[in-house]
Amino acid sequence: MSDDAPLPKPADFPVGTTFVIKEDDVPLVWIPRRGWLNWFGGTPRPYEPSFLKVDNNRPAESFEEWVQILAASLKRK
């Protein structure tokens, strides 16, 4: 995903997807039957869920919050 590429929309994800923010700046998703993906930098990559601990992640309050974290990660690439 380049800086000028459109950000994903909720319809880009299947029903049941969970949006998670790790350590305040890493956008993660759990997609049913696919598993965990790290979207930091705009390119989804497999994510090892054993790195998630009770105190280092939280569910995104909304898709909009999650996509804002994703957008911020594009600027830091």
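The sections below set out a description of the structure shown in this document. All figures in this text were calculated on a predicted structure; none of them were measured in a lab.

By the element assignment, Ser-50 lies in the loop between strand S4 (45-46) and strand S5 (57-59). Ser-50 gets classed as partly exposed once you look at its relative accessible area, which sits at 42%.

Following the sequence through the fold, Arg-45 ends up in strand S4. Looking at Arg-45, its side chain comes within polar contact range of the main-chain oxygen of Phe-40, at 3.1 Å. Side-chain polar atoms of Arg-45 contact the backbone oxygen of Thr-43, separated by 2.7 Å.

A word on helix H1 (residues 63-75). Over its 13 residues, H1 extends 19 Å from the first C-alpha to the last, a length consistent with the 18 Å expected when each residue adds 1.5 Å. Phe-63, Glu-65, Trp-66, Val-67, Ile-69, Leu-70, Ser-73 and Leu-74 are the residues of H1 that are buried.

Our next topic: the packing of aromatic side chains. Geometry of an aromatic ring pair is reported as the spacing of the ring centres plus the angle between the planes. In the structure shown here, the tally under the stated rule is 9 aromatic pairs. By the ring-pair criterion, three or more aromatic residues cluster together here, those being Phe-13, Phe-19, Trp-39, Phe-63 and Trp-66.

Before going further, it helps to examine unusual backbone geometry. One non-glycine residue with positive phi stands out, namely Asp-24, at about 70 degrees. Here the phi dihedral of Arg-33 falls at roughly 65 degrees; this positive angle occurs in a residue that is not glycine. Note that Arg-33 resides in the loop between strand S2 (26-31) and strand S3 (35-38).

Procedures and definitions
- Residues numbered from 1 in each chain as written.
- Predicted model: local features only at pLDDT ≥ 70, side-chain atom pairs only at ≥ 80, totals over all residues.
- Heavy atoms only, no water.
- Helix = DSSP H or I, 4+ residues; strand = E, 2+ residues; numbered from the N terminus.
- Buried < 20%, exposed > 50% of the residue type's maximum accessible area, 1.4 Å probe, protein only.
- Polar contact = N/O pair within 3.5 Å; in protein donor to acceptor, adjacent residues only side chain to side chain.
- Expected span 1.5 Å × (residues − 1).
- Phe/Tyr/Trp six-rings, centres within 6.5 Å; stacked < 30°, edge-to-face > 60°.

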